[in-house]
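Coordinate analysis (summary)
One letter stands for each residue in the lines below.
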Amino acid sequence: EDQVTQSPEALRLQEGESSSLNCSYTVSGLRGLFWYRQDPGKGPEFLFTLYSAGEEKEKERLKATLTKKESFLHITAPKPEDSATYLCAVGGYGGSQGNLIFGKGTKLSVKP
Amino acid sequence: EAGVTQFPSHSVIEKGQTVTLRCDPISGHDNLYWYRRVMGKEIKFLLHFVKESKQDESGMPNNRFLAERTGGTYSTLKVQPAELEDSGVYFCASSQDLGPLAYNEQFFGPGTRLTVL
């Protein structure tokens, strides 16, 4: 069964304190791995797509990496506005092209 | 460019009543998806439209849920009759058709929070 596990569930950082969020997955053939950011009361906001092991993508203070079993979202020198829940999702060849499997998310709090 | 919009933002109904949720995808997006997040759980897939056709409805919980997308534009999700366990946030997403070799990046709406009392 396709599954996504994110850790930690919650993470508190001081402004400027770099860290990483983890997304472990099991899927029958990876089509793509997606990172989203979700603010309270809003829908998930698309951040990155990763397709194959070794791939990396960056956006401002965020960098996503992918291996055959997990993905990391590295946050460098975070700011309070980076506080949000970060969601990881995968699409596998076992399911339809539109069926994303989500993790429960990591709630990030960045204190000034 | 306008994003995915959903209506209403909140709905409170009593058990046994009917509720209809609406989703307007990003203009030009043929793919439309419905997801649901029940409290404390992860977001789960409900179904996928390609234009007006149901591509995958494997996530629909039971026959009390009916999704339509007439004309391949907006979509509605009707719950009839609603039960307590239907409470949650219902998200709609849309994506372009990038072909079979690419994965369609999905853009989400703000969600409809449904409370069944």
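Refer to the structure printed above.
If you're wondering where the values come from, they're calculated on a predicted model, not measured in any experiment.

Quick look at the interface of chain B and chain A now. Between chain B and chain A, the residue contacts involve 23 residues of the former and 22 residues of the latter. Interface area, chain B with chain A, both sides summed: about 1800 Å², of which 54% is carbon and sulfur. Seen at the junction of chain B and chain A, the total is zero salt bridges. Breaking the side of chain B that touches chain A down by element, the ones donating at least two residues are strand 4 (31-37), strand 5 (43-50) and strand 10 (107-108) of chain B.

All names here are of chain A. Burial analysis of strand 4 (residues 30-38) places eight of its nine residues in the buried class, the great majority of the element. Pairing geometry for strand 4 and strand 9 (residues 84-92), over eight bridges, is antiparallel. Within strand 9, the position partnered with Arg-37 by the bridge is Tyr-86. The pairing of strand 4 with strand 5 (residues 45-50) spans five bridges and is classified as antiparallel. Within strand 5, the position partnered with Tyr-36 by the bridge is Phe-46. Between strand 4 and strand 5, which pair antiparallel and follow one another directly, the connecting turn spans six residues, one of which, Gly-41, has a positive phi of 80°.

We now examine the pattern of salt bridges. Should the charged atoms of two oppositely charged side chains come close, the side chains can pair. Enumeration according to the criterion identifies eight salt bridges over all chains in this entry. For A:Lys63, the salt bridge is made with A:Glu56, and the minimal N-O distance between the two is 3.3 Å. Owing to a relative accessible area of 27%, A:Lys63 belongs among the partly exposed residues under this scheme. Since its relative accessible area comes to 48%, A:Glu56 is described here as partly exposed. Salt-bridge contacts for B:Arg64 lead to B:Asp86; the nearest nitrogen and oxygen are separated by 2.6 Å. Residue B:Arg64 is found in the loop between strand 6 (53-56) and strand 7 (65-68), and its partner B:Asp86 is found in the loop between strand 8 (75-79) and strand 9 (88-95); the two are separated by 22 residues along the sequence.

Criteria and thresholds
- Residues numbered from 1 in each chain as written.
- Chains lettered and ligands numbered in written order.
- Predicted model: local features only at pLDDT ≥ 70, side-chain atom pairs only at ≥ 80, totals over all residues.
- Heavy atoms only, no water.
- Contact = heavy atoms within 4.5 Å.
- Buried area = accessible area lost by both parts, 1.4 Å probe.
- Salt bridge = Lys/Arg side-chain N within 4 Å of Asp/Glu carboxyl O.
- Helix = DSSP H or I, 4+ residues; strand = E, 2+ residues; numbered from the N terminus.
- Buried < 20%, exposed > 50% of the residue type's maximum accessible area, 1.4 Å probe, protein only.
- Pairing = 2+ DSSP bridges.

Purely spatial values, then, with no claim about function.
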